[in-house]
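Structural features, examined
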Amino acid sequence: MRRTWPVTAVTLVLLVVHGSASAAERRPWVTLTDCRYMAAKDNDGDSFRVRCGSRDFHLRLYFVDAPETNLRYAERTREQSEHFGVTLDETMKAGARARDTVQGMLREPFVVRTRWATAGGRGREPRYYALVEVGGRSLVEVLVSRGLARPKGVSLALPTGEKARAYVERLEALERDARQKRLGIWATSTDATTDSPTR
């Protein structure tokens, strides 16, 4: 009996996670216009507070992982450092650049598309996965193409109907290009000129 308990617990966790993901996939996309960036202490390159109409909430971008700005989650920062081939200090500096880039781009009103699927957060308040479009450009694509984020995380079919795998491949191509051009965090990377596939 003792040996089956861990397996049963893991199975239950996987069923809950899969069920949540499936439920998010079934929810319709909601488009929120005239959204505004809101200053908040936990804002970073892939997670930040916004106001859309009368509602304000913390969103988490689908598809990408921007470098951390501190060592609060040291293991995650180390893993990012290894992915990009840079030091921890360079990772956090790139995280600050990603945060500042997002804040700068979102000075003008923007569009948020979400299914109100919750993402894990640092605090008690839920974060919601979303896509952001500003000036006709995808914020996700801008961050990856400038070397300020990597393709990673939760992904699903886009509101346009494009499949998740096809979009991830597009983001991976943008990352390879940024790495070869030594943009953003790749400028000091020890493997910026390699042709290895995205990790």
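Notes on the structure in this doc start here. It should be emphasised that the depicted structure is a prediction, and the values quoted were computed from it without experimental measurement.

Okay, helix H5 (residues 164-180) next. Over its 17 residues, H5 runs 24 Å from end to end, which matches the ideal 24 Å to within 8%, given 1.5 Å per residue. Where H5 is buried, its residues touch helix H2 (74-84), strand E7 (137-138), helix H4 (139-145) and strand E8 (150-151). Looking one or two residues beyond H5, the residue adopting positive phi is Arg 182, at roughly 55°.

Glancing now at the packing of aromatic side chains. Taken as a whole and judged by the stated rule, the model has nine aromatic pairs. Both rings, one in Trp 116 and one in Tyr 128, keep their centres 5.1 Å apart while their planes meet at 85°; by these two values the pair is edge-to-face. Residue Trp 116 is located in strand E5 (residues 110-119), and its partner Tyr 128 is located in strand E6 (residues 127-134); the two are separated by 12 residues in the primary sequence. The class of Trp 116 is partly exposed, set by a relative accessible area of 22%. A cation sits over an aromatic face here: Arg 55 above Trp 116, 4.0 Å from the ring centre. Over the ring of Trp 186 we find Arg 179; its NZ or CZ atom is 5.5 Å from the centre of that ring.

What counts and what doesn't
Residues numbered from 1 in each chain as written. Predicted model: local features only at pLDDT ≥ 70, side-chain atom pairs only at ≥ 80, totals over all residues. Heavy atoms only, no water. Helix = DSSP H or I, 4+ residues; strand = E, 2+ residues; numbered from the N terminus. Expected span 1.5 Å × (residues − 1). Contact = heavy atoms within 4.5 Å. Phe/Tyr/Trp six-rings, centres within 6.5 Å; stacked < 30°, edge-to-face > 60°. Buried < 20%, exposed > 50% of the residue type's maximum accessible area, 1.4 Å probe, protein only. Lys NZ or Arg CZ within 6 Å of the ring centre and 35° of its normal.

Everything listed here is a matter of coordinates, which is why it stays silent on function.
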